[in-house]
Amino acid sequence: MTRRAGEPPRALARLLELALGAEEAEVLLGDLREERERGRALGSGRSWYWRQGAAVLVCELGARLRRRRRHGGAVLERAGRAVRELRQTLRSLRREPGFTVAVTATAALAVGSVTAVYSVVHAVLLAPLPYEDSDALVRLREIDASQGGRRDFVSPPNYFDWIEATSLESAAAWWTPFVTLTGEGEPERVLATLASHELFGVLRARPALGRTYGPEQDRPGGPPAVVLSHGFWQRRFGADPGVLGRTLNLDGRPCEVVGVMPAGFAFPAPGVELWTSLQLRRSEEPTMGTPYRGMRILEVVARLSEGSSDEDARSELDAIARRLERAYPDTNAGWGIEVAGLLEDSAGSARSGLLALLAASCLVLMIACANVSSLVLARAQRRARELAVRAALGASRSRLLRQLLVESALLAGIGGLAGTWLGLTLIRALLAARPIDLPRIEEVGRDPRVLLIGVAATVASGILFGLVPALRATGGELAARLRFGASGAWSSRRDARARRALVVGEVALAVALLIGSGLLIRSVAALLDVDPGFSATDVAVVGSLDLPRALFEDPARTASLQQQLLEAIEGYPGVEAAGLSLGIPLARDADFFVAQSPFELPGVARPDAGRRPSAPLHVVSPGFFETLRVPLVLGRSFEPRDARGRRPVAIVNEAFVRRHLAGVEPIGQTLVHELVLTAGEEAEREIVGVVGDVRHFALNAEAPPQIYLPSLQTPWPRMQVVVRGSGGAAGLGAAVRRAMAGAFPDVPVPPAMSLAEVAAQAVALPRFRAELLALFGALALALAAVGLAGVQASAVAARVREIGVRVALGARGTQVVGMVVREGLALTLAGVALGLLGAYASSRLLAGLLFGVGPGDPLTWLVAPGLLLAVSIAACWIPARRAALVDPLEAIRAD
Amino acid sequence: MPELDALCYYDYIVDLMRERDSLGEFEILVLLGTLRAGEDAYGVTIRGQILERTGRDVSRGAVYVTLERLEQKGYLESRLGGATARRGGRRKRLYCVRRAGRVALRQALDGLSRMREGLDPALEES
């Protein structure tokens, strides 16, 4: 190996490289080499290099060590300073407990409201559905343009025509009935989804165990299969993997268990226990008078194909709908197709209400921030001289700013933490105590991402209420502050102006919020005032009771068994009346058997020659109207004598008479309805009675014309029992259970519910909305009042000397009080005026949520500002009293 | 007088000290050496200048460490310069005095010369 003379030893070069890095080693070795060349160096080459290198290395490493120690010292010192700063902040906050508690509590309330509402919004509206690529999922429905775009289910032949659309990758049809499970242990009534095999592909859902079913098991006549939910598999089969291959009898249909879905899969809604083959036929003979294409019974979910938008699907399906209209005018004329994203669809009508609540909670947050900002500003004003002295002694602006911001951050942090916890706890407690019927509501507060909104709200509030006062307090007027002192008029005037502006803003927001919540409260009151047309007290509901399917074939026997059952129930002590009905008014499953059934009234001239009239068909037993105390207006109620083989009869409601029988005697009219529900049933009936209107679907919708058929003439094996009497829902339910055990030991009996509770569910959502909004309104009112009182109190404090002079010159106490209150009132009036403008602009947004009141409801528009004025007078009273008690001598002598 | 805490004074004093951090004697030597070496100021030439003018063969390591410190204080800036055959093809680190360095140096020297004013007799006596 060649080695040039005079070169430094390689080992040294390596060592220096290691110690100093390649670049510095290169520089050093170059310098050494050069010095040697210049002939300054003495001694032998190698040892000289080593000595010099070692000396430099020692120096260098020593310096580095010193630097590190110094640097480490700086870090420690900085940490120590931060701890000292924090401790100092805590100490100064502890010295003013009133301020600290007021600020953290206000921040906690505001952050808590936002977190609480957002957790609901997140769970219901925002959180993606638990399906792969859930954005591509859409719900398809039929809409009846001739009835104002009424949405309806989908008929099987239409479904088969729709799925040919290329913008849809696949589409699944389903419906979700209760089925009776027999054969394995106790018979049980379970919620099942009868779904076409495409369902699992559309949702991209894979089973946890076994497989899902395919076209083979979904083919009409094929061997039906069933897939179990995870919960049902655990509950009923003890999580036994051997359940695969077993056969379950569902409504008497033997189905092979092929798979178990993973926990958490619950389509279309929680509570579904199993999914089984739908085995849909493409065409079928008309049943009971209705062509197959007119039987709108299915729900449809579809997945958009790759690259297609819902707009594409909409226009393609529109074209298909128009083609079907031309091809099948009888059943499809006027019918279109609705395409809605599955997520938006599942939130449904709850959306606008929740967004209004979220907006309201953000308003509360803003009011709270304004309030806290004003408090912090007032405190900075009190500390103006301290800050000024510190600035004069050399504390930099950034240092003072930092200390004030540390304070705000600390306060916001404590408040935000408490608020987030408070909000989530309260909303869960509220929902547990008063369940509301919203999709995915049970997910509220479960998603940790919701905490982010708490953090965001905290940070936002910290900046909002901390920054402005801090900048003002450390602004260029510090020197002036020092001269004028803390109570000097000059230093506080600008701050006071800022605080007054904040109060005006607070009052404005509070007025807007109060008007909004007032309108919703009035809506709920109007809703609760609505007479549903029946009495729910002391009534229990048990349903549905599914008599064996075999009875479908034998209506006469069904009728007599049901009559016996009713008589047995009525025989129990405490039972006043009992009846059967297909659907319970205001319940979730309030549907009639047939939503719209065409009919004719041969004895009455039809005013509109165009469309045939139609009305819901409702099947009820004798005793139903008596049990629900639905008033009988004319004629008679159903009686046991209205049996099969006797004269066919019907009862209509008052709305029906108003619409279709105006000006004629309703009793005795002949009604011919097109739909025949049970075999051998007559379609021509005599109207024997008129009953009062019952709001069947919702309190906020007028009762439509309705037709009631007697269950003894049109017996249906699936009915709900209503019982009136003493003993509460449990006692009445026990009577039904005992009667059922005697007549049909194999039929499962679901637990009884009180009809009052069922009906209360119908107003649960609007009530929840109004209650939360009222809470926010009250919060806003309280915050605005506190803010106003605070501003007036410090205004009085700043003007003690002036007030003292006035008193000395002969002003009376009442005059001083009047002055302070007048000033407070001026601020309130300015805020109210602004707030009314804001409320006017935003009340239109609420219009969709209102019932029974308009957005311009005069009572609300008078009471809300009036309330604020009254509260603000009260809020100004305390500082005003203090002003009146100012001792002129003290005031002038002070300072 | 409103309350004023110890912390406030502490800050004040620390800030004072930091601002009055003046140049040490060795730093003055190195800065002057750098100025003297002109365009070609690097370890060897700076040390050479000091040796030539003062006769002090200062420690090589001390020069390097001081150059580094002065650079960190913002009084010097450095760049890697060209390699020469004499250095065995290795690059050198060239230094240049920044404005702040010149100001600090002038202040230090002014201070020294003002301190010296009128003391020549006393110095000669000893």
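Predicted model only: the values in this text are computed from it and were never measured.

With respect to the overall build of chain B
Then, in step 1: When its secondary structure is counted, chain B shows six helices and two strands.
Then, in step 2: Counted from the first residue to the last, chain B has its helices and strands arranged as α-α-α-α-β-β-α-α.
Then, in step 3: Buried positions account for 28% of the 126 residues belonging to chain B.
Then, in step 4: A separation threshold of at least 6 residues defines the contact pool for chain B, and within that pool the share at least 24 residues apart is 46%.

Observations regarding the overall build of chain A
Then, in step 1: Broken down by element type, chain A carries 26 helices and 23 strands.
Then, in step 2: Evaluated residue by residue, chain A yields a buried proportion of 42% over its 895 residues.
Then, in step 3: Long-range contacts, defined as pairs at least 24 residues apart, comprise 83% of the intrachain contacts of chain A with a sequence gap of at least 6.

Structural notes on the interface of chain B and chain A
Then, in step 1: Counting residues at the interface gives 24 residues for chain B and 27 residues for chain A.
Then, in step 2: Elements represented by at least two residues in the side of chain B that touches chain A include exactly α1 (6-19), α3 (43-54) and α4 (60-73) of chain B.
Then, in step 3: Considered class by class, the residues forming the side of chain B that touches chain A number nine nonpolar, four polar and eleven charged.

Overview of unusual backbone geometry
All names here are of chain A.
Then, in step 1: Residue Pro268 is bonded to the preceding Phe267 through a cis peptide linkage, with omega at 0 degrees.
Then, in step 2: The phi torsion at Asp538 lies on the positive side, around 60 degrees, for a residue other than glycine.
Then, in step 3: Here Asp538 shows up in the loop between α17 (489-529) and β13 (539-546).
Then, in step 4: One non-glycine residue, Arg629, lies in the positive phi region at around 55 degrees.
Then, in step 5: Classification of Arg629 by C-beta neighbours within 10 Å gives partly exposed; the count is 17.

Here's the deal with the confidence of the model for chain B
Residue and element names in this part refer to chain B.
Then, in step 1: For chain B, mean pLDDT is 81; residues scoring 70 or higher make up 82% of the total.
Then, in step 2: The element-level mean pLDDT for chain B is lowest in α1, coming to 46, with strand β2 (residues 93-97) highest at 93.
Then, in step 3: Confidence drops under a pLDDT of 50 for residues 1-20, and excluding neighbours within four residues, the segment shows 17 contacts in the predicted structure.
Then, in step 4: Per the prediction output, this complex has pTM 0.65; the corresponding ipTM is 0.80.

Quick notes on helix α1 (residues 10-20) of chain A
Residues and elements named next belong to chain A.
Then, in step 1: Of all the residues in α1, the buried ones are Leu12, Leu16 and Leu20. Viewed end-on, α1 has its buried residues packed into an arc of 40 degrees, placing them on one side of the element. Across from the buried face of α1, at angles greater than 90 degrees, the exposed residues are Arg10, Ala11, Arg14 and Leu18.
Then, in step 2: Remark: Gly21 follows α1 within two positions and exhibits a positive phi of approximately 95 degrees.

A few points about α4(B)
Residues and elements named next belong to chain B.
Then, in step 1: If you check α4, its first and last C-alpha atoms are 20 Å apart, about what 14 residues at 1.5 Å a residue would give, namely 20 Å.
Then, in step 2: All of the buried residues in α4 are Arg60, Gly61, Val63, Tyr64, Val65, Thr66, Leu67 and Leu70.
Then, in step 3: Within two residues after α4, Gly74 carries a phi angle of roughly 90 degrees, on the positive side.

Observations concerning the nonpolar core
Residues and elements named next belong to chain A.
Then, in step 1: Counting 154 residues, the largest nonpolar core has Ala510, Val511, Val723 and Ala780 as its most contacted members.
Then, in step 2: In terms of residues, this core owes the most to one element, helix α22 (residues 755-798), which gives 22 residues.
Then, in step 3: Both of domain 3 (351-530 + 762-893) and domain 4 (548-746) provide at least three residues apiece to this core.
Then, in step 4: If near-sequence neighbours (up to four positions away) are discounted, Val511 is found in contact with Gly831, Val832, Gly835, Leu836, Ala839, Ala864, Pro865 and Leu868.
Then, in step 5: Val154, Leu181, Tyr213 and Ile337 belong to the second-largest nonpolar core, a separate cluster that totals 56 residues.

Comments concerning the packing of helix α12 (residues 350-382) of chain A against α22(A)
All names here are of chain A.
Then, in step 1: At a closest axis distance of 10 Å, the pairing of α12 and α22 adopts a crossing angle of 15 degrees. Viewed along their axes, α12 and α22 adopt a mutual orientation that is roughly parallel. As for the relative orientation of α12 and α22, their crossing is left-handed in sense.
Then, in step 2: Of the residues belonging to the contact of α12 with α22, the class tally is 20 nonpolar, seven polar and one charged.

Looking at the environment of A:Thr176
All names here are of chain A.
Then, in step 1: Tracing the sequence through the fold places Thr176 in the loop between β3 (168-175) and β4 (178-182).
Then, in step 2: Given 17 C-beta atoms within 10 Å, Thr176 falls into the partly exposed group.
Then, in step 3: The spacing of Thr176 and Leu298 is 122 residues in sequence and 9.1 Å in space, taken between C-alpha atoms.
Then, in step 4: In this view, Thr176 contacts Leu191, Ala192, Thr193, Pro268 and Val272; residues no more than four positions away in its chain are not counted.

A look at the environment of A:Gly242
Then, in step 1: With respect to the helices and strands, A:Gly242 occurs in the loop between α8 (230-237) and β8 (247-250).
Then, in step 2: Separated by 15 residues in sequence, A:Gly242 and A:Val257 place their C-alpha atoms 9.9 Å apart.

Re the packing of α3(B) against α4(B)
All names here are of chain B.
Then, in step 1: One can describe the packing of α3 onto α4 by two numbers: an axis separation of 10 Å at closest approach and a directional angle of 115 degrees. What the angle tells us is that α3 and α4 run roughly perpendicular. Of the two elements, α3 crosses α4, and the hand of that crossing is right-handed. Across the interface between the two elements, Gly43, Ile46 and Arg47 from α3 touch Arg60, Val63 and Tyr64 from α4.
Then, in step 2: Looking at the contact of α3 with α4, its residues break down into three nonpolar, one polar and two charged.

Quick look at the pairing of strand β9 (residues 253-260) of chain A
Residues and elements named next belong to chain A.
Then, in step 1: Sheet topology note: the strand β6 (residues 209-210)/β9 ladder contains two bridges and is antiparallel. Bridged to Gly210 within β9 is Gly259.
Then, in step 2: Two elements, strand β7 (residues 225-228) and β9, share four bridges in a ladder whose sense is parallel. Its bridge partner lying in β9, Val226 is registered against Val257.
Then, in step 3: Across four bridges, the pairing between β8 and β9 is antiparallel. Across the sheet, residue Leu250 finds its bridge partner in β9, namely Arg253.
Then, in step 4: If you look at the hairpin formed by β8 and β9, you'll find two residues sitting between the two strands, and Asp251 has a positive phi there, around 50 degrees.

Focus: the environment of A:Glu26
Then, in step 1: Mapped onto the elements, A:Glu26 comes out in helix α2 (residues 22-38).
Then, in step 2: For the pair A:Glu26 and A:Leu16, spaced ten residues apart in sequence, the C-alpha to C-alpha distance is 8.7 Å.
Then, in step 3: Ignoring any residue separated from it by four or fewer positions in sequence, one finds A:Glu26 in contact with B:Arg90 and B:Arg91.

Brief notes about the confidence of the model for chain A
Then, in step 1: Per-residue confidence for chain A gives a mean pLDDT of 82; residues scoring 70 or more make up 91%.
Then, in step 2: Low pLDDT (under 50) marks residues 484-491 of chain A, which in the prediction has 15 contacts with non-local residues, meaning those over four places away or in another chain.

The rules behind each value
- Residues numbered from 1 in each chain as written.
- Chains lettered and ligands numbered in written order.
- Predicted model: local features only at pLDDT ≥ 70, side-chain atom pairs only at ≥ 80, totals over all residues.
- Helix = DSSP H or I, 4+ residues; strand = E, 2+ residues; numbered from the N terminus.
- Buried ≥ 20, exposed ≤ 12 C-beta atoms within 10 Å, placed from the backbone.
- Contact = placed C-beta atoms within 7 Å.
- Nonpolar A, V, L, I, M, F, W, Y, C, P; charged D, E, K, R; others polar.
- pLDDT = per-residue confidence, 0-100.
- Arc of directions from axis to C-beta.
- Expected span 1.5 Å × (residues − 1).
- Core = buried A, V, L, I, M, F, W, Y, C linked by C-beta atoms within 7 Å.
- Domains from an automatic or database assignment.
- Axes fitted to C-alpha atoms, helices over the stretch in contact; angles between N-to-C directions.
- Parallel < 35°, antiparallel > 145°, perpendicular 65-115°, else oblique.
- Left-handed = near helix turned anticlockwise from the far one by under 90°.
- Pairing = 2+ DSSP bridges.

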